[in-house]
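Residues per chain are reported as follows:
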Amino acid sequence: MGKTTLALSVLHDPDIVDLCPSRYFVSCEGTLTKLSVIIAIADALRIPRENRDARLLDSILAAFPENSLLCLDNLEAIWDDESVRVDLEELLSDLQLPNLGLIITMRGTQRPSRVSWSKPFLPPLQSLSEETSRCIFERKFSRPADEFEEKLLVAVDGIPLAISLVCAMLEEGNETSKSLWHRWEQTQSNALGNGGKDRLSNLDTSIRLSVDGPRMRADPKAVDILAMMSFLPDGLPDNEIFRKELQDQLPAGYDLSEALLTMRRVSLVHLDKTGASSRLRMLNPVRNFCEQKLHFPEELKNSITSLYVAILDRFKDCTAPEGHAIIP
C-alpha cells in the first residue's frame, strides 16, 4: 500500500527524467494472461492496431527507444495465478534489453526469479514514520495537522495509501477532521474511501485484495491464523521457542510457520525490530480490518488463551524481562 505512489514518484523524478527520457507506466490490474500484459505494454507504446500480429512481442521489443524505463505496476494481479507464472517469467526475461530499465511493483516479499535484478535487492516497503506522515500532510495543506488529523495520522500506522485517502477526503470539504476521526473510531478502515471501490480509492478494498488473494486462499488455515493475530495488538514474538509452544497448542492441521511465511509474503504481517525484541505484527488498519471481517475459530481462541495463561503462570514476577519479551 504505497507501491504505485512510489513508482510514479520515481518515474517523474527529475534525475530519472534526464536519464530515461522515454518512460512507460503499465497497470497490470485486470490482466489475466501473458498476452494481456503484452497488449497493455503495446498500448503504452502506442503500437498501431494494424501492426499487432503474431509477432507483437518482437514489435514491442524493437519499439523501445534508447534509455527507456518500463514500470509494470501491481504485477501480483497476474503473478498470484500459478498457472500463468511460468509464462509471465518468460515475458519478463524477454524484457531484459540493454536499452530498457524495468521496474515492477508487487505486494509482498517474493520477486520473479528469471530477471537479473540490480543488487542489493530493494527491501519491501516499510510503513512511514509518524514524522514522515506528518510532513506529507503538512506539505499537502501548508499547515500543521490539527488534533483530530494528528489522531488519524497515528491511527493509519504510516500506510501511504491511507494517508493519501485522509488528505483527499479532507480536501473534498464534505466533512471535518473531527467527523472523519469519529467515523474512524466507529468503522476503522471502512471510513477511508473517496467514493471509488478500486484498491487505490478504498482502504478496505486494498486490504481485502491481500486477505482474499490466491496466495492466502492456497493456505486456508493461514486466514484463521491471521484472524487470531488480529486479536493480539502487540503481535507475536519472533522467537523459535515461542512458536514451537504455540504450534503445540494449535489443533491438528495448522502449520504456524507456513501460515506466518504466507502472511509475510503478502505483506499482511511484518517483522518489527524497533522494540527491545523483534515481533511479528500487523499494521493497525490491517489488524482492525481482520478483527472485524474475519472469523476467529473458537478452537484457536482456546489455543492462544491456554498458551498465554501458561506464560502468565510461568512468569509470576511481572517485572521479569523474559516475560515482557513475550507479552510487552
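All of the points below concern the structure found in this document. Everything numeric in this text was worked out from a predicted model, so none of it was measured.

## A short note on the overall build of the protein
Argument step 1. Counting its regular elements, the protein contains 18 helices and six strands.
Argument step 2. Principal axes of the C-alpha set define a box for the protein whose edges measure 75 × 50 × 35 Å.
Argument step 3. Counting the 328 residues in the protein, one finds 45% classified as buried.
Argument step 4. For the protein, contacts bridging at least 24 residues in sequence account for 65% of all contacts bridging at least 6.
Argument step 5. Surface exposure of the protein reaches about 17,100 Å², of which carbon and sulfur atoms provide 53%.
Argument step 6. Side-chain charges in the protein split into 37 positive and 49 negative, and the spacing between the mean points of these groups amounts to 1 Å.

## Focus: the nonpolar core
Argument step 1. Within the largest apolar cluster, 56 residues are counted, with the highest numbers of intra-cluster contacts made by Leu192, Ile225, Leu226, Leu246 and Met263.
Argument step 2. By residue number, the principal contributor to this core is helix 9 (residues 160–172), which donates eight residues.
Argument step 3. Contacts of Leu226, omitting those with residues within four sequence positions, involve Val211, Met216, Met263, Leu268, Val269, Met282, Cys290 and Leu294.

## Some points on the sheet that holds strand 1 (residues 22–27)
Argument step 1. The strand order across the open sheet built from three strands is 1-2-3, with neighbouring strands paired in parallel fashion. The open sheet has two free edges, formed respectively by strand 1 and strand 3 (100–104), since each of these has just one partner strand. Between one strand axis and the next, the sheet turns through 15° on average, direction left out of account.
Argument step 2. Sheet topology places strand 1 next to strand 2 (residues 68–73); six bridges connect them, and they run parallel. When the sheet's bridge partners are listed, Tyr24 is paired in strand 2 with Leu70.
Argument step 3. The strands touched by helix 1 (residues 3–11) within the sheet are strand 1, strand 2 and strand 3, with strand 1 carrying the most contacts at an inclination of about 165°.
Argument step 4. The sheet strands contacting helix 3 (residues 34–45) are strand 1 and strand 2, and the helix crosses strand 1 at an angle near 140°.

## Observations concerning the packing of aromatic side chains
Argument step 1. The tally for this structure, following the rule as stated, stands at four aromatic pairs.
Argument step 2. Relative to Phe64, the ring of Tyr24 lies with its centre 5.7 Å away and its plane at 75°, an arrangement referred to as edge-to-face. Of this pair, Tyr24 sits in strand 1 while Phe64 sits in the loop between helix 4 (56–63) and strand 2, placing them 40 residues apart in sequence.
Argument step 3. By relative accessible area, Tyr24 is classed as buried at 15%.
Argument step 4. On the accessibility criterion, Phe64 (5% relative accessible area) is buried.
Argument step 5. Centroid distance Phe242 to Tyr308: 6.2 Å. Interplanar angle 75°. Geometry classified as edge-to-face. A residue pair is termed long-range when its members are at least 10 positions apart, and Phe242 in helix 14 (residues 240–249) and Tyr308 in helix 17 (residues 298–314) qualify at 66 residues.
Argument step 6. With a relative accessible area of 2%, Phe242 lands in the buried category.

## Points about the layout of surface pockets
Argument step 1. Reported here for the second largest pocket is a volume of approximately 340 Å³.
Argument step 2. For the second largest pocket, the lining is made up of 19 residues, of which Ser127, Asp157, His270, Asp272 and Leu283 are closest to its centre.
Argument step 3. Secondary-structure elements contributing two or more residues to the lining of the second largest pocket are helix 7 (130–141), helix 8 (147–155) and strand 5 (270–272).
Argument step 4. Ranked by residues supplied to the lining of the second largest pocket, first place goes to strand 5 with three residues.
Argument step 5. Residues belonging to the lining of the second largest pocket are distributed by class as follows: seven nonpolar, eight polar and four charged.

## Here's the deal with the state of the cysteines
Argument step 1. For the structure on display, the rule yields zero disulfides.
Argument step 2. In this model Cys20 remains outside any disulfide bridge; the closest cysteine sulfur is found in Cys71, 12 Å from its own.
Argument step 3. In this model Cys71 remains outside any disulfide bridge; the closest cysteine sulfur is found in Cys28, 8.4 Å from its own.
Argument step 4. Residue classification places Cys71 among the buried residues on the basis of a relative accessible area of 0%.

## Focus: the sheet that holds strand 4 (residues 236–237)
Argument step 1. The three strands lie next to each other as 4-6-5, forming an open sheet whose pairing is antiparallel. Since the sheet does not close on itself, it has two edges, and those belong to strand 4 and strand 5, each with one partner.
Argument step 2. Examined bridge by bridge, strand 4 and strand 6 (residues 279–281) share two bridges and lie antiparallel to one another. Within strand 6, the position partnered with Leu236 by the bridge is Leu280.

Rules and cut-offs
Residues numbered from 1 in each chain as written. Predicted model: local features only at pLDDT ≥ 70, side-chain atom pairs only at ≥ 80, totals over all residues. Heavy atoms only, no water. Helix = DSSP H or I, 4+ residues; strand = E, 2+ residues; numbered from the N terminus. Buried < 20%, exposed > 50% of the residue type's maximum accessible area, 1.4 Å probe, protein only. Contact = heavy atoms within 4.5 Å. Areas by Shrake-Rupley, 256 points an atom, 1.4 Å probe, with all protein chains shown as cover. Lys, Arg positive; Asp, Glu negative; His and termini not counted. Charge placed at Lys NZ, Arg CZ, Asp CG, Glu CD. Core = buried A, V, L, I, M, F, W, Y, C linked by side-chain atoms within 4.5 Å. Pairing = 2+ DSSP bridges. Axes fitted to C-alpha atoms, helices over the stretch in contact; angles between N-to-C directions. Phe/Tyr/Trp six-rings, centres within 6.5 Å; stacked < 30°, edge-to-face > 60°. 1 Å grid on protein atoms, 1.4 Å probe; cavity = no way out; pocket = protein on both sides within 12 Å on 5 of 7 lines; lining within 4 Å. Points joined across faces, edges and corners; volume = space filled by probe spheres on them. Nonpolar A, V, L, I, M, F, W, Y, C, P; charged D, E, K, R; others polar. Disulfide = S-S within 2.5 Å.

In short, geometric facts, not functional conclusions.
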